[in-house]
Amino acid sequence: MTVRRLSGVGYCACLSQVGDWAFEFAFGLARRHDVRLNIFFFPDPPYRKHITRGRRGERRPIGEHEAVKLERRVRLYYDDLLGDFLNVGFRLCEGDEDPELRRCLLIRKDYDVLVLAHERRGCLFGERPIEAFADRMPCPLVLVGPDQKDEVYLNTPARLWAETLGLHEGEWLPAL
């Protein structure tokens, strides 16, 4: 099988133990392939139902002070985990998860592979179960967790990248 070349790894911040497992996977992948790790974070964590939606489903805008405070919190959280790794970017995403992450994939070309924490089976990622979100993404998507750090689920495009992801048959399961 041909090993594909990565140009970037995306990771959606999740400040939890399962999030740390997913981060380790994404970070290891970026380091192994010597590519940029892009850490995306949202004012409203996408791993639960949104509580700040307006009447028509819009998000409330956050102010500059709140945005700076959030970015600082995320950067400080990952700073120790990154060590001396400098090829990293942080991006505050204020829109809905699906269009924001697709924009970063298709237009900005920030990543080839996206890694998400699989907090629990059937948990919501934005507006839909995380497994359904993974299935609908057009890029390789890796879910890590929920019960242990080596529990890995791949969406259909990611299965074609398994070797590039450093995964062998039997080390991963289908995401849906």
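The structure presented is a predicted model; accordingly, all values stated were derived computationally and were not measured. (Residues numbered from 1 in each chain as written. Predicted model: local features only at pLDDT ≥ 70, side-chain atom pairs only at ≥ 80, totals over all residues. Heavy atoms only, no water.)

### Remarks on the overall build of the protein chain
And then number 1: A count of helical and extended segments in the protein chain gives 5 helices and 9 strands.
And then number 2: When the helices and strands of the protein chain are read in sequence order from the N terminus, they spell out β-α-β-α-β-α-β-β-β-α-β-β-α-β.
And then number 3: Against the globule reference of 16 Å for 176 residues, the protein chain gives a C-alpha radius of gyration of 15 Å, in line with a compact fold.
And then number 4: Each of the three principal axes of the protein chain carries a C-alpha extent, and together these read 50 × 35 × 30 Å.
And then number 5: Per-residue burial for the protein chain yields a buried fraction of 49% across its 176 residues.
And then number 6: For the protein chain, contacts bridging at least 24 residues in sequence account for 67% of all contacts bridging at least 6.
And then number 7: As presented, the protein chain carries roughly 9,400 Å² of accessible surface, and 50% of it is formed by carbon and sulfur atoms. (Helix = DSSP H or I, 4+ residues; strand = E, 2+ residues; numbered from the N terminus. Rg over C-alpha atoms; globule rule 2.2 N^0.38 Å. Buried < 20%, exposed > 50% of the residue type's maximum accessible area, 1.4 Å probe, protein only. Contact = heavy atoms within 4.5 Å. Areas by Shrake-Rupley, 256 points an atom, 1.4 Å probe, with all protein chains shown as cover.)

### Notes on the nonpolar core
And then number 1: Judged by nonpolar contacts, the single largest core of 60 residues is most densely connected at Tyr 11, Leu 37, Ile 39, Val 115, Leu 116 and Leu 165.
And then number 2: Examining the composition of this core, we find that 9 residues originate from one element, helix α1 (residues 17-33), more than from any other.
And then number 3: In contact with Leu 116, other than residues within four places in its own chain, are Cys 12, Ala 22, Tyr 47, Phe 125, Ile 130, Phe 133, Leu 141, Val 142, Leu 143 and Val 144. (Core = buried A, V, L, I, M, F, W, Y, C linked by side-chain atoms within 4.5 Å.)

### Here we look at the packing of aromatic side chains
And then number 1: In this structure the tally under the stated criterion is 8 aromatic pairs.
And then number 2: Look at Tyr 11 and Tyr 78: their rings are 5.8 Å apart centre to centre, the planes differ by 80 degrees, and that puts the pair in the edge-to-face class. Note that Tyr 11 is positioned in strand β1 (residues 8-12) and Tyr 78 in helix α2 (residues 64-82), a separation of 67 residues in sequence. Taken individually, Tyr 11 and Tyr 78 each receive the classification buried, so the pair is uniform in this respect.
And then number 3: For the ring pair Phe 23 and Phe 27, a centre distance of 5.5 Å and an interplane angle of 10 degrees mean the geometry is stacked. Taken together, the residues span about one helical turn, with Phe 23 and Phe 27 both in helix α1 at a distance of 4 residues.
And then number 4: We classify Phe 23 as buried; its relative accessible area is 2%.
And then number 5: Accessibility expressed as a relative area gives 11% for Phe 27, which makes it buried. (Phe/Tyr/Trp six-rings, centres within 6.5 Å; stacked < 30°, edge-to-face > 60°.)

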